[in-house]
Amino acid sequence: MQELIETFAINNRTNLYLLDAINEEHLTDLYTGSKGRNAGKQWAHLHDVRMMWLKVAAPDLLKGLVKLTDEESLRKEALKNALTQSGKAIEALFQQSAGSGKIKGFKPHATAFLGYLLAHEAHHRGQIMITLKQNGHIVDKKVQFGIWEWGVR
């Protein structure tokens, strides 16, 4: 189970690495293909989906987590705090599932749940980078390649 926790933590650090590289004023950038979500709301969506799963699987881990307001979704510090806190809660969820290998409300098992989370969050990282690019705010090449350097995250 420790490898699942560590892998999710790397994913979350990768999210924060990309978020750190984005200028705060670019969080308002909009991509029409993303249900009208600007870049900031796409980051907030990751936090919201984590909270949704926590509500189903381990509501006790929601303590201290709150949904971001539209205004907060445009502030890097608020996004970083939310993603850090919900990330720790997801890690705790994996820890709780160590005995059974199951996540309540998700089939088939905790490893598949990790795969789901990684795919979902990577999808939105890509959407965020496309959103920024379409608005003329291309993410630095070092960061574009850096999100794939999981061995150093």
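Before any of the text, the structure's been laid out above.
These lines cover the structure that appears in this document, whether it is placed above or below. Everything numeric here is computed off the predicted structure, so don't read it as measured data.

1. Brief notes about the packing of helix H2 (residues 39-57) against helix H4 (residues 110-134)
Here comes step 1: The N-to-C vectors of H2 and H4 enclose an angle of 170°; their axes lie 9 Å apart at closest approach. As summarised for this structure, H2 and H4 are arranged roughly antiparallel, according to the angle between their axes. Here Ala39, Gln42, Trp43, His45, Leu46, Val49, Arg50 and Trp53 of H2 come into contact with H4, specifically with Phe113, Tyr116, His120, Glu121, His124, Arg125, Gln127, Ile128 and Thr131.
Here comes step 2: In terms of residue class, the contact of H2 with H4 is made up of eight nonpolar, six polar and three charged.

2. Topic: the packing of aromatic side chains
Here comes step 1: Inspection of the entire model under this criterion finds eight aromatic pairs.
Here comes step 2: An angle of 45° between the planes, with centres 6.4 Å apart, marks the rings of Phe8 and Phe94 as tilted. Of the two residues, Phe8 is situated in helix H1 (residues 2-21) and Phe94 in helix H3 (residues 76-96); the sequence distance between them amounts to 86 residues.
Here comes step 3: In this structure Phe8 comes out as buried when scored by relative accessible area, which is 0%.
Here comes step 4: On the basis of an interplanar angle of 70° and a centroid distance of 5.1 Å, the ring pair of Phe106 and Phe113 is categorised as edge-to-face. Comparing Phe106 with Phe113, the two get one shared label, buried.
Here comes step 5: A network of ring pairs unites the aromatic residues Phe8, Trp53, Phe94, Phe106, Phe113 and Tyr116 as a single cluster.
Here comes step 6: Sitting over the face of the ring of Tyr17, Arg153 holds its NZ or CZ atom 3.6 Å from the ring centroid.

Reading guide: rules and limits
Residues numbered from 1 in each chain as written. Predicted model: local features only at pLDDT ≥ 70, side-chain atom pairs only at ≥ 80, totals over all residues. Heavy atoms only, no water. Axes fitted to C-alpha atoms, helices over the stretch in contact; angles between N-to-C directions. Helix = DSSP H or I, 4+ residues; strand = E, 2+ residues; numbered from the N terminus. Parallel < 35°, antiparallel > 145°, perpendicular 65-115°, else oblique. Contact = heavy atoms within 4.5 Å. Nonpolar A, V, L, I, M, F, W, Y, C, P; charged D, E, K, R; others polar. Phe/Tyr/Trp six-rings, centres within 6.5 Å; stacked < 30°, edge-to-face > 60°. Buried < 20%, exposed > 50% of the residue type's maximum accessible area, 1.4 Å probe, protein only. Lys NZ or Arg CZ within 6 Å of the ring centre and 35° of its normal.

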